[in-house]
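Each chain, written out:
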Amino acid sequence: MVKRREPTARQMRLATELRRLREAAGLNSRQAAALLGVAPAQITHIESALAGVSEQRVRRLASHYACTDEKFIDALVAMATDRTDGWWEEYRGLLPTPFLDLSELEHHARFLRHVAILYVPGLLQTEDYSRAVFSSRLPELTAEELELRIQHRRQRQRLATSYEAVIHEAALRIRVGDRATSRAQLVRLLELSEADCITVRVIPFDLDGFARASSTMTYVGGPLPRLDTVVRDAPHGSVFLDSEAQLNTYRTSFRKVEAASLDPVQSRDFIHSLAKEL
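This structure is a prediction, so every number in the text was calculated from the model and none was measured. (Residues numbered from 1 in each chain as written. Predicted model: local features only at pLDDT ≥ 70, side-chain atom pairs only at ≥ 80, totals over all residues. Heavy atoms only, no water.)

### Brief notes about the side chain of Gln 125
- Mapped onto the fold, Gln 125 is located in the loop between strand E1 (111-116) and helix H7 (127-135).
- Gln 125 gets classed as buried once you look at its relative accessible area, which sits at 5%.
- Side chain to side chain, Gln 125 and Arg 153 meet in a polar contact 2.7 Å long.
- Residues in contact with Gln 125, not counting those within four places in the same chain, are Val 120, Ser 130, Val 133, Arg 153, Gln 157 and Gln 185. (Helix = DSSP H or I, 4+ residues; strand = E, 2+ residues; numbered from the N terminus. Buried < 20%, exposed > 50% of the residue type's maximum accessible area, 1.4 Å probe, protein only. Polar contact = N/O pair within 3.5 Å; in protein donor to acceptor, adjacent residues only side chain to side chain. Contact = heavy atoms within 4.5 Å.)

Below is the structure:
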């Protein structure tokens with residue numbers, strides 16, 4: 001069996017879920033291998049996403065692990081049998097892997113929720129704004145690296161799913177570029193907020209006693225709630241969180257942030273007033 005050199009985020013999530021099912025059943029990998037009639041190393045490879053797994057084996061493993069959630073099993077099968085190469089694959093080897101993993105997550109998402117503190121979310125950025133953001137990175141990017149990132153971000157912006165962004169006033173006021181870039185970005189936000197699939201909310205500075213919007217996060221809705229993912233930015237790159245405890249924490253966090261923000265109409269009025277100041 002040929003091992004994968006670089007499993008995708010979707011393949012890693014399938015592997016993680018199969019391992020969780022096995023552990024919940026109280027079986028070790030040797031016992032699971034015996035039930036499947038394969039060598040223990042094969043279970044290890046499947047659970048580390050170094051090897052693929054067929055629909056038949058996913059269903060057999062689920063049966064051996066006493067999993068009776070048919071919708072969940074069907075979702076795992078879909079993850080295991082999807083052979084479509086997404087548009088992001090053209091960037092493999094050209095951009096860091098987390099860029100591709102995020103694109104894959106967004107492509108398969110039922111919905112997207114984002115909390116932004118210092119920057120306008122990437123999916124809503126103008127090209128000039130994106131250029132200013134990427135140009136500020138250290139170490140500095142080459143001209144080719146910069147253009148690849150901007151092109152990749154532009155392709156990510158072809159949203160086809162429900163997207164809600166809660167943006168702190170700080171992100172709207174900080175000028176990552178010049179005055180013209182900032183004003184054009186605010187105007188673009190106003191335009192995008194009118195789209196059927198996009199909701200923009202604002203957290204103003206003068207909101208009393210609010211300290212929950214302390215960090216950026218993206219909540220990605222999977223085919224089922226238990227297959228959701230939270231993406232957090234970290235100094236070494238994006239971090240993907242998917243344990244049930246973590247998901248519950250961030251679901252609660254987003255609900256509280258959303259409830260404390262201005263409604264969409266008030267948010268548009270707020271952004272419009274900021275644009276008039278520039």
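### Thoughts on a nonpolar patch on the surface
- A cluster of nonpolar side chains, namely Leu 118, Tyr 119 and Ile 174, defines an oily patch on the protein surface of about 270 Å² accessible area.
- The residue Leu 118 is located in the loop between E1 and H7 in this model. (Patch = residues over 30% accessible without salt bridge, like charges linked within 9 Å, V, L, I, M, F, W, Y side chains within 5 Å. Areas by Shrake-Rupley, 256 points an atom, 1.4 Å probe, with all protein chains shown as cover. Salt bridge = Lys/Arg side-chain N within 4 Å of Asp/Glu carboxyl O.)

### With respect to the packing of aromatic side chains
- Taken as a whole, this structure holds three aromatic pairs when the rule is applied.
- Measuring from centroid to centroid gives 5.8 Å for Trp 87 and Trp 88, while their planes differ by 80 degrees, and the two rings are edge-to-face.
- When the centroid spacing of 6.1 Å and the interplanar angle of 90 degrees are considered together, the rings of Trp 87 and Tyr 91 count as edge-to-face.
- Through a chain of ring-to-ring contacts, the aromatic side chains of Trp 87, Trp 88 and Tyr 91 assemble into a single cluster.
- If you follow Arg 226 out to its NZ or CZ, it ends over the ring of Phe 72, 3.6 Å from the centre. (Phe/Tyr/Trp six-rings, centres within 6.5 Å; stacked < 30°, edge-to-face > 60°. Lys NZ or Arg CZ within 6 Å of the ring centre and 35° of its normal.)

### A few points about the nonpolar core
- Ranked by internal contacts, the top residues of the largest apolar core, which has 29 residues, are Leu 124, Tyr 163, Ile 167, Leu 172, Leu 186, Leu 189 and Ile 271.
- Every element with two or more residues in this core is listed here: helix H6 (97-108), E1, H7, strand E2 (162-168), helix H9 (169-173), helix H10 (179-192), strand E3 (198-203) and helix H12 (264-277).
- Beyond its immediate sequence surroundings of up to four residues, Ile 271 is in contact with Leu 172, Leu 186, Leu 189, Leu 190, Val 200 and Val 202.
- Within the second largest apolar cluster, 24 residues are counted, among which are Val 53, Cys 67, Phe 72 and Ile 73. (Core = buried A, V, L, I, M, F, W, Y, C linked by side-chain atoms within 4.5 Å.)

### So, the pairing of E3
- Summarising burial for E3: five of the six residues are buried, a large majority.
- Across six bridges, E2 lies against E3 in parallel orientation. Looking across to E3, one finds that Ile 167 is bridged to Val 202. (Pairing = 2+ DSSP bridges.)

### A few points about the confidence of the model for the chain
- Per-chain confidence: the chain averages 93 in pLDDT, with 96% of residues scoring 70 or above.
- Averaged pLDDT values for the elements of the chain fall to 86 in strand E6 (residues 237-241) and rise to 98 in H10. (pLDDT = per-residue confidence, 0-100.)

### Regarding the environment of Val 133
- Looking at the secondary structure, you find Val 133 in helix H7.
- Ignoring anything within four residues of it in the chain, the contact list for Val 133 reads Tyr 119, Gln 125 and Val 176.

### A short note on the packing of H10 against H12
- The geometry of H10 relative to H12 is characterised by a closest axis approach of 9 Å and an angle of 160 degrees between their N-to-C directions. Between H10 and H12, the interaxial angle falls into the category roughly antiparallel. Crossing handedness for the pair H10 and H12: left-handed. Counted together, Arg 179, Arg 183, Leu 186, Leu 189 and Leu 190 of H10 and Arg 268, Ile 271, His 272, Leu 274, Ala 275 and Glu 277 of H12 form the full contact between these two elements.
- Along the lines of polarity and charge, the residues of the contact of H10 with H12 split into six nonpolar, one polar and four charged. (Axes fitted to C-alpha atoms, helices over the stretch in contact; angles between N-to-C directions. Parallel < 35°, antiparallel > 145°, perpendicular 65-115°, else oblique. Left-handed = near helix turned anticlockwise from the far one by under 90°. Nonpolar A, V, L, I, M, F, W, Y, C, P; charged D, E, K, R; others polar.)

### Description of the pattern of salt bridges
- Evaluation of the coordinates by the stated rule reveals 25 salt bridges.
- Where Glu 127 meets Arg 131, a salt bridge forms, and the shortest distance between an N and an O atom there is 3.3 Å. You can see Glu 127 and its partner Arg 131 sitting in helix H7, four residues apart, about one turn around the helix.
- The class of Glu 127 is partly exposed, set by a relative accessible area of 39%.

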